[in-house]
Amino acid sequence: MSKLYNPFILSDGNKPSCMQMLQLILDGEASHEQEAYFKSHMDQCSPCFKSYSLDIKIKELLKTRCCGESAPTELIEQIKMQISQNATS
Ligand SMILES: [Zn+2]
């Protein structure tokens, strides 16, 4: 089986952790190649999938709620808590 080339691998040959990959994606700093790789990675990696969907949910929430006010931090923390509880169970 040919392994999918990992565009996240750093120039020193180190493979970044899920969190590092996720961070790049969520910051919008990932290349198209990296995004595509991450999407297929997410299919097999439920922590990544959960964190990613969590971020999407938060962004949607902020979009619908935010009227120039600051982000509802408490709400975000609440959602994060729920998701991490689900992830560890
Ligand atoms: Zn992962």
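Look a little higher up for the structure.
## Let's talk about the coordination of the zinc ion
Ideal values for angles at a metal depend on the geometry: 109.5 degrees with four tetrahedral donors, 90 or 180 degrees with six octahedral donors.
Next, step 1: Distances from the zinc ion to its protein donors, Cys 18 (SG), His 41 (NE2), Cys 45 (SG) and Cys 48 (SG), fall within 2.0 to 2.3 Å.
Next, step 2: Here the zinc ion binds four donor atoms, and the angle range of 105 to 114 degrees at the metal identifies the geometry as tetrahedral.
Next, step 3: Between consecutive donors of the zinc ion, the numbers of intervening residues give the motif C-x22-H-x3-C-x2-C. Linking Cys 18 in helix H1 (residues 18–26) with Cys 48 in helix H3 (residues 46–65), this pair joins segments that are 30 residues apart in sequence.
Next, step 4: With a relative accessible area of 30%, Cys 18 lands in the partly exposed category.

## A short note on the packing of aromatic side chains
The geometry of an aromatic ring pair is captured by the separation of the ring centres together with the interplanar angle, meaning the angle of the planes.
Next, step 1: For the coordinates displayed, the defined rule picks out two aromatic pairs.
Next, step 2: Where Phe 38 meets Tyr 52, the ring centres are 6.1 Å apart and the plane angle is 55 degrees; that geometry is what we call tilted. Of this pair, Phe 38 sits in helix H2 (residues 32–44) while Tyr 52 sits in helix H3, and the two are 14 residues apart along the sequence.
Next, step 3: Judged by its relative accessible area of 1%, Phe 38 is buried.

## A short note on H1
Next, step 1: All of the buried residues in H1 are Met 21, Leu 22 and Ile 25. The arc that holds the buried residues of H1, viewed along the axis, is 100 degrees, so those residues lie on one side.
Next, step 2: Of the residues trailing H1, Gly 28 is marked for its positive phi of about 75 degrees.

Thresholds applied
Residues numbered from 1 in each chain as written. Predicted model: local features only at pLDDT ≥ 70, side-chain atom pairs only at ≥ 80, totals over all residues. Heavy atoms only, no water. Donors = N, O, S within 2.8 Å, 3.2 Å for Na, K, Ca; no water. Tetrahedral: all angles 85-135°; square planar, octahedral: opposite > 155°, others 65-115°. Helix = DSSP H or I, 4+ residues; strand = E, 2+ residues; numbered from the N terminus. Buried < 20%, exposed > 50% of the residue type's maximum accessible area, 1.4 Å probe, protein only. Phe/Tyr/Trp six-rings, centres within 6.5 Å; stacked < 30°, edge-to-face > 60°. Arc of directions from axis to C-beta.

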